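Take a look at the letters that make up each chain.
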Amino acid sequence: MKTIIAEKPSVAREIAGLVGASEKKDGYLTGNGYFVTWAFGHLIGLGMPEDYGISGFDKSTLPILPNPFLLTVRKIKKDKGYTADTGALKQLKVIEQLFNRSNSIIVATDAGREGELIFRYIYEYLKCNKPFERLWISSLTEKAIKQGFDNLKDGTAFDGLYQAAQGRSRADWLVGINATQALSIAAGNGIYSLGRVQTPTLALICKRYLENTSFSVKKYWQIQLSHNKEFIDFKSIATTKWEDQKLADDTLKSIQRSGMATVTSMETKSVTEQPPLLFDLTGLQKEANKKLNLSAEETLNIAQSLYEKKFITYPRTGSKYIPEDMWAEIPNLVRALQDRETCRQAVSKVKWGRFNKRIVNDLRVTDHHGLLITDKIPSALSAKENAVYDMVAFRLLEALSQACVKEIADVGLQVSHYDFAAKGCKIIEAGWRGIKGSFSDDDTEPIQDLPELKKGDELKIKEAAVLEKKTKPPVLYTEAGLLSAMESAGKEIENEDERKALQNIGIGTPATRAAIIETLFTRNYIQREKKSLIPTEKGLQVYELVKDRKIADVAMTAEWELALQKIENNEADADAFQKEMENYASSITNELLQTSIAQNHLPKLVCPKCKSQQLIIRDKIVKCPDEGCNWVQFRNVCGVQIGLADIESLVSKGKTSLIKGMKSKAGKKFDAFIVLNEDYNTSFEFAKNKSYKK
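For the protein chain, an unreviewed UniProt entry supplies the name DNA topoisomerase and the organism Sphingobacterium psychroaquaticum. Note on the protein chain: under the UniProt heading Sequence similarities (unreviewed entry), the record states "Belongs to the type IA topoisomerase family." The record in UniProt for the protein chain states the following under Catalytic activity (unreviewed entry): "ATP-independent breakage of single-stranded DNA, followed by passage and rejoining."

Caption draft 1: Geometry of the overall build of the protein chain. Looking only at helices and strands, the protein chain has 19 helices and 29 strands in total. Its C-alpha atoms put the protein chain at 90 × 80 × 55 Å along the principal axes. With 694 residues in all, the protein chain has 49% of them scored as buried. Residue pairs in contact within the protein chain that sit at least 24 positions apart in sequence constitute 70% of those at least 6 positions apart. About 34,500 Å² of surface is accessible on the protein chain, with carbon and sulfur atoms providing 48% of the total. Of the side chains in the protein chain, 99 bear a positive and 90 a negative charge, and the two mean positions are spaced by 5 Å.

Caption draft 2: Representation of the sheet that holds strand β10 (residues 132–134). Strand order across the open sheet formed by 7 strands is β2-β3-β4-β1-β9-β10-β11, with mixed pairing between neighbours. Every other strand in the sheet has two partners, leaving β2 (23–25) and β11 (153–154) as the edge strands with one partner each. Where β10 lies against β11, 2 bridges are found, and the strand directions are antiparallel. Among the inter-strand pairings, Glu-133 is bridged to a residue of β11, identified as Asp-154. Running over the sheet, helix α3 (residues 113–125) touches β1 (2–6), β9 (104–108) and β10 and is turned about 175° from β10.

Caption draft 3: Spotlight on helix α8 (residues 281–292). With 12 residues, α8 ought to run about 16 Å at 1.5 Å a step, and its terminal C-alpha atoms sit 15 Å apart, in line with that. With 9 of 12 residues buried, α8 is to be regarded as a mostly interior element. Of the positions making up α8, those classed as buried are Leu-281, Thr-282, Gly-283, Leu-284, Gln-285, Lys-286, Glu-287, Ala-288 and Asn-289. Buried-residue contacts for α8 involve α9 (296–308), α12 (383–399), α13 (479–487) and α15 (513–522). Looking one or two residues beyond α8, the residue adopting positive phi is Asn-293, at roughly 60°.

Caption draft 4: Representation of the pairing of strand β12 (residues 219–229) in the model. When β12 meets strand β18 (residues 463–470), the two strands line up antiparallel, connected through 8 bridges. Following the sheet pairing, Lys-219 is matched in β18 by Lys-470.

Caption draft 5: Representation of the nonpolar core. Counting residues in hydrophobic clusters, the biggest one holds 85 residues, and the most contacted among them are Phe-99, Ile-105, Ile-122 and Val-546. The biggest single contributor to this core is helix α5 (residues 159–187), with 12 residues. Among all residues touching Ile-105, those that are not within four sequence positions of it are Thr-3, Ile-5, Phe-99, Phe-119, Tyr-123, Cys-128, Lys-130, Pro-131, Phe-132 and Glu-133. Among the nonpolar cores identified, the runner-up in size contains 62 residues, and Ala-288, Ala-303, Val-334 and Ala-346 belong to it.

Caption draft 6: Spatial organisation of unusual backbone geometry. Between Leu-62 and the following residue, Pro-63, the backbone shows a cis peptide bond with an omega angle of -5°. Its place among the elements puts Pro-63 in the loop between β5 (44–46) and β6 (71–73). Residue Asn-67 is joined to Pro-68 through a cis peptide bond whose omega torsion reads 0°. Among the secondary structure elements, Pro-68 is positioned in the loop between β5 and β6. The backbone of His-417 shows a phi angle near 70°, a positive value even though the residue is not glycine. Relative to the assigned elements, His-417 resides in the loop between β15 (404–415) and β16 (418–429). The backbone of Asn-630 sits at a positive phi, close to 65°, despite the residue not being glycine. The residue Asn-630 is located in the loop between β22 (621–623) and β23 (632–634) in this model.

Caption draft 7: Here's a closer look at the sheet that holds strand β17 (residues 458–460). The strand order across the open sheet formed by 7 strands is β17-β14-β15-β16-β13-β12-β18, and the pairing between neighbours is antiparallel. Strands with a single pairing partner mark the edges of an open sheet, and in this sheet they are β17 and β18. Strand-to-strand twist in this sheet, taken as the mean axis angle between neighbours without regard to direction, amounts to 35°. Pairing of β12 with strand β13 (residues 232–238) involves 6 bridges; the strand directions are antiparallel. Bridge pairing in β13 places Lys-229 opposite Ile-232.

Caption draft 8: Layout of helix α2 (residues 86–100). With 15 residues, α2 ought to run about 21 Å at 1.5 Å a step, and its terminal C-alpha atoms sit 21 Å apart, in line with that. Among all positions of α2, only Ala-88, Gln-91, Leu-92, Val-94, Ile-95, Leu-98 and Phe-99 are buried. Buried residues of α2, viewed axially, fall in a sector of 160°; they line one side. For α2, the exposed residues lying more than 90 degrees away from the buried face are Thr-86, Lys-93 and Asn-100. The N-cap residue of α2 is Asp-85: its side-chain oxygen and the backbone nitrogen of Gly-87 are 2.9 Å apart.

Calculation rules
Residues numbered from 1 in each chain as written. Predicted model: local features only at pLDDT ≥ 70, side-chain atom pairs only at ≥ 80, totals over all residues. Heavy atoms only, no water. UniProt positions renumbered as here; feature names shortened; annotations may be inferred. Helix = DSSP H or I, 4+ residues; strand = E, 2+ residues; numbered from the N terminus. Buried < 20%, exposed > 50% of the residue type's maximum accessible area, 1.4 Å probe, protein only. Contact = heavy atoms within 4.5 Å. Areas by Shrake-Rupley, 256 points an atom, 1.4 Å probe, with all protein chains shown as cover. Lys, Arg positive; Asp, Glu negative; His and termini not counted. Charge placed at Lys NZ, Arg CZ, Asp CG, Glu CD. Pairing = 2+ DSSP bridges. Axes fitted to C-alpha atoms, helices over the stretch in contact; angles between N-to-C directions. Expected span 1.5 Å × (residues − 1). Core = buried A, V, L, I, M, F, W, Y, C linked by side-chain atoms within 4.5 Å. Arc of directions from axis to C-beta. Polar contact = N/O pair within 3.5 Å; in protein donor to acceptor, adjacent residues only side chain to side chain.

Right, here's the structure in full:
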């Protein structure tokens, strides 16, 4: 008998159907010489400090450097501690029994770093030594799974991938556990969670936020002219920016008196825009955030769902290319899209027999190729699933199309010694941009067509106006912008040699970036303001504490990703990497334990109920230390974090300022004051004196 182990039940059922294991049992399927079972994601993980006999946060036990690392069954939070997940224990017992009854194992967990880790940790925890083979597939279609079974690979061929996954897992433990405990001990007022990738990502957001808020916006004025020639309307703008409005107004009068503009220069150049490559996961997440306002996590979940329904290929990919042997399948995928209403018109624009082969590159395909649709065309999807599917489909059609050729014209004009410029663009060949009919990446600036112009032409000024403009601060990160910054973290590095070494290396991996951003939300370090990501009070506080420390260093984190890639490719030693991580964890622990955290920014407030104790102020709660009194106020009220000023106001004056943007259970937004009642509970007070108990 052989045991096939998948990452989750839905994938196991697909595989069981194909290998003829149709008999359902508790925790597995069987038949035709196979047991088919599954994990529920990470069933086994690295033990926590308690598993090494270390409880609580104690300076004398730091740094914690496990040797060996212990593996434990997944735990869930219960009351104040953690306990083994009963569902995980039960499934693990099933897996163990099947492994014992089998001659060999086929690993069918997701084909990537984390999928490899899920299986290997189970295999190691169960002390199993049965031989195993690897099913490596990029799509869950019947054809792909059958091909995968025809080409099973020896499990040891993936030892490098496992060592990289294990190295990442241990590095995150060493840095996360030690840094979090060290800073929390130094702070002495709550838990400050730090992480190997989480903290540099927070640093990116905070740095940009502070640059944005400290930017001093300046007004300036420019003059815009309107012209018409050969029935074509177009505009030109002054090259001068006036800082004094009166000067701009005076210049406008002189220009209006003149009434004519002279063409002083005319340059045209042909620009060829190559079609975009296929989406990798980060590219899809950025596009879905820009166009659909989906978070990185939402996009990943939707893409994973489309993959499991067999409509697209494996989403957690870092490549935008396909291998040569897949090129022959591409025409079938395009043909299949003719049956999809939303894609039919776009498919008709693709030039058969002239497909662009730019996406084919064997050397640039990593674990998985770029995102593709499959030949199974979806029906009955949710609106968001449809939108994400169409993004993948349209991107394929664009990638196969020819280049877009534009003619860009730069015109120089002069009016009474003042220089003006006009820019025009003519589409010579629509190419890939014709698929969606969008001819510019920035839809805010429409492309203007210019008439035939030559040097010396006199143009009448139809209209002239002064435009008031403002200098723009660095833009706050959206999720799309943050994903780009994480993807190209190396570009920000000042040292040129380092920058070259890390130019294509980011922080995190396509598969983990969404989870890192979500972690920052759950830690209450960042929040959304419309589409922008901004730090919370706590996020800024953590940033101020660590911004000059190694743990916030984006370059160092990018270097580790490079090291992990080398381990994966058997070009670097996993033990040496772990040693380096242990040394690093020791040095940041010492660095953070010496951090002096000013406690004086927290107001000293006396409990409003017992009138004797000083309140303990944490980021989630404000409470009286006297258990007999037990007065408590949560700081997150209906989705809004209550700031220190409002906590102070509530305790000392019995009422906060107007708290805006709270959400009721029904999801409706409302504004209200939080007031302290005679019984020391709180309630809402609305501007019209409506009030109800919280």
